[in-house]
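Here are the chains, one letter per residue:
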Amino acid sequence: MTIGRRFYRTATGFELVEHARNRLAIILVAVFVPVWITLIDLMMSESPLPFRYRGSGEELHVNGQHLTFISGGLNAVTLIVGFLMFSVTYRSGPFDRRLVAAGYPRPHLLAAKVTALFASSVVVAAYTTAMVWVYWHPQQLWLFALGMFTAAVTYGGIGIVLGVLLRGELEGMFAIIMISLIDVGLESPVVNAGSDNDLVRFLPMYGSMQAGVGAGFTRSVPWQQLAAVPVWWAVCAVIGLVAFHVRTRVYTKSGRPVTAAMAAASVPIPRPVAPGEAVHVSVRVCGETCVATDHMPLYQGLAVLAALSAEQAQDHAEQNVYPLSIRRGAN
Amino acid sequence: MSSQNSTLYVADVRKAFGRRQVLDRVDFTLERGELAGIVGENGAGKTTLLRILAGELKPDHGWVIPRGRLGYCPQRTVLNDSLTVAQHLRYFQRAYQLEDLHRAHELVERLNFTQYRASRVRSLSGGTRQKLNLVIALMHDPAVVLLDEPYQGFDWETYLHFWELAGELRDAGRSLLVISHLSHDIDRLDTGYRLANGVVTPMPVEAHAG
C-alpha cells in the first residue's frame, strides 16, 4: 500500500469512528426517524394535495400522507446529517491543525472527511428509506433513496459551513433545525399553498424534494432538478475547503532532523561586524527563492546566518529557512 | 547569539492584537541539550509566543527558524473526544510517520496511564487528558520541544515525573522550552527568561542538580 493510501485509510477509519460515536446523531437515527414516520402514518390526512412536479412540468394531485412521508423523511435526514457534520466540524478544528502540524497531509485528511460524510449520508438515507418502506411503497424506491441521499449530502455541506462560522453547539443545532424547517415548509404544499412559486428552485432541498415526488408518484426521473444538488454541495464544499485550509495552516515548518553527520560537519558561523552591515543571503520562501540582499538589520542577518546548516554554509548555497515576514525599512 | 549547536532561533518576533503590542522584539536561541523556560504573568504573551514558535500563529514581523522536528504541547488539551487513547497514538503515529509506537507506549507507562489506553478521551479526567496531550508532543522524539504549562492538572507525583522526563530529554540532547507562570519551576531550568512588556529578558537561574 502506498503511503498516500495509508494516510487516507487511517484518517477515514477514524473519521467514521467519530461519526459513529456521535451520541445525539445516533439517538436521532434510532428514535426520531421511526417515531416521526410512524406519527405521519397515524396522524396525517390522506386527502389529495396539488404539487408542481417540475420533472414533467405538470401539477400532480398526490396523497397528502404520502407527500408528508417524503417531506418528513427529508426533514429527518437533513437534521441528522446536518447536525452530525456541524458537530464534527465544530469540534475538530484544533485537532485537525495538530494533525497537520504533525505531518498529516491535508488532502488526505480532507478526502477522509468527505468520504465519511458520504458514508454517513448513505447509511442515514438508506435507513430512512427503509423506515418509510414499512408504511408506503414509492413507485421508484431507488430514486426515493437518491432523493434522501442528496438532501443528506447537501445538509452535510451546510453543517460544515455552520460549523466553521458559528461559535456554539446550541446555535448550530438551532440553525440546522430552522434552515431545514424553512426549506421543507416552503416546498411542501402541506405547509405552503404557494409551493409552486419559481423561487423554490433556489432552496437547498429543491432537487431532493422533486426526486422524492418523482419517485413516489411517477415513473420519471427529474434529472434537471437533481442537477441543482451538486451546485449547493459545491458551494458549501468550497467554503468548507477554504475554512479548513485557513484553520489548519502551519506557519513554521519543521526543519530536517539534525543527523550525527551534520552535527559533526558543523562549521563556525561567520558574523557581520557592525550593525546595519549588508548581509547577502538567498532565502527560500515556500519553494520560491527571493534574495534579501539589501541592508538587512544585523539581527535579521544573524538569524539567517545562524540557520545555515553546515553542509550548505560551506558553499554558501541557498538555505531552507522560513522567514515569517520581512518588514523592510523597519529600523 | 548563534552557535553550531543551536536548534531554534527566534529573532525580532513581534505580534500585536489590534493596538495592543503583545510581543515586541523577542530574541533568543535554544541550544542542543538545553532546558529553558519562560515565565511571565498572566496575559504577558507567553502562550502567544509559543503558538508563534509552533507555527500556529503568524507574527507581524520576525524570524522563527527551527532545526529539526518540533514537538508542541499546547496549554489547552487538543484531543478528539470520540477517540480512545490508543486511537490517538495510532493517528499520530501515521502523522509523524513512525515505524512503531514503542516510544509512545513507554511515555504512557512513564506517565502512569496505561490502564486508560482503551478509554475514550471524553471519559478521562483533566490530568489524564493532559498526559495524553504531552505524549503526543513527545512520541516522535522531537529535537525541539515546546511545552506550554504541560503539567496542568497533574498530581504531585506526575509533576515530578514530568520534570524527570524533561531532564532525561535534555541529557539526550533535545532542546526544551517550557512555559510556566510558576516562578519556583525556574530552579529546574538551565536557562530562564522573563517575558514582560513584550520583551524576553534572561533571568538568573540557580545551577540545577542534574
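Residues numbered from 1 in each chain as written. Chains lettered and ligands numbered in written order. Predicted model: local features only at pLDDT ≥ 70, side-chain atom pairs only at ≥ 80, totals over all residues. Heavy atoms only, no water.

Q: Please clarify how the overall build of chain A should be interpreted in this entry.
A: Counting its regular elements, chain A contains 12 helices and five strands. Looking at the 331 residues of chain A, the share that counts as buried comes to 50%. Long-range contacts, defined here as pairs at least 24 residues apart, represent 74% of the contacts in chain A between residues at least 6 apart. When the accessible area of chain A is evaluated, it comes to approximately 15100 Å², of which 66% is carbon and sulfur surface. (Helix = DSSP H or I, 4+ residues; strand = E, 2+ residues; numbered from the N terminus. Buried < 20%, exposed > 50% of the residue type's maximum accessible area, 1.4 Å probe, protein only. Contact = heavy atoms within 4.5 Å. Areas by Shrake-Rupley, 256 points an atom, 1.4 Å probe, with all protein chains shown as cover.)

Q: Help me understand the UniProt feature "transmembrane region" (unreviewed entry) in chain A, please; the structure alone is not making it clear to me.
A: Residue and element names in this part refer to chain A. Annotation from UniProt places "transmembrane region" (unreviewed entry) at residues 24-44, 64-88, 109-136, 142-166, 173-191 and 226-246. Each end of residues 24-44 is marked by a C-alpha atom, and these two atoms are 27 Å apart; helix forms 95% of the span and strand 0%. With 96% helix and 0% strand, residues 109-136 has its two end C-alpha atoms placed 40 Å apart. (UniProt positions renumbered as here; feature names shortened; annotations may be inferred.)

Q: So what exactly am I meant to see when it comes to the pattern of salt bridges here?
A: Side-chain pairs of opposite charge can arise where the charged atoms are in close proximity. Residue and element names in this part refer to chain B. All chains considered together, the criterion is met by 15 salt bridges over all chains. Arg25 is the salt-bridge partner of Asp12, the closest N and O atoms lying 4.0 Å from each other. One end of the pair, Asp12, is in strand E1 (residues 6-17); the other, Arg25, is in strand E2 (residues 20-31), and 13 residues separate them in sequence. With relative accessibility at 36%, the residue Arg25 sits in the partly exposed group. Between Arg110 and Glu168 there is a salt bridge, and its shortest N-O distance comes to 2.9 Å. (Salt bridge = Lys/Arg side-chain N within 4 Å of Asp/Glu carboxyl O.)

Q: Which parts of the structure should I look at to understand the environment of Thr48(B)?
A: Residue and element names in this part refer to chain B. Looking at where Thr48 falls in the secondary structure, it is placed in helix H1 (residues 46-54). With 32 residues separating them along the chain, Thr48 and Ala16 place their C-alpha atoms 10.0 Å apart. In this view, Thr48 contacts Lys15, Phe17, Val22, Leu23 and Leu57; residues no more than four positions away in its chain are not counted.

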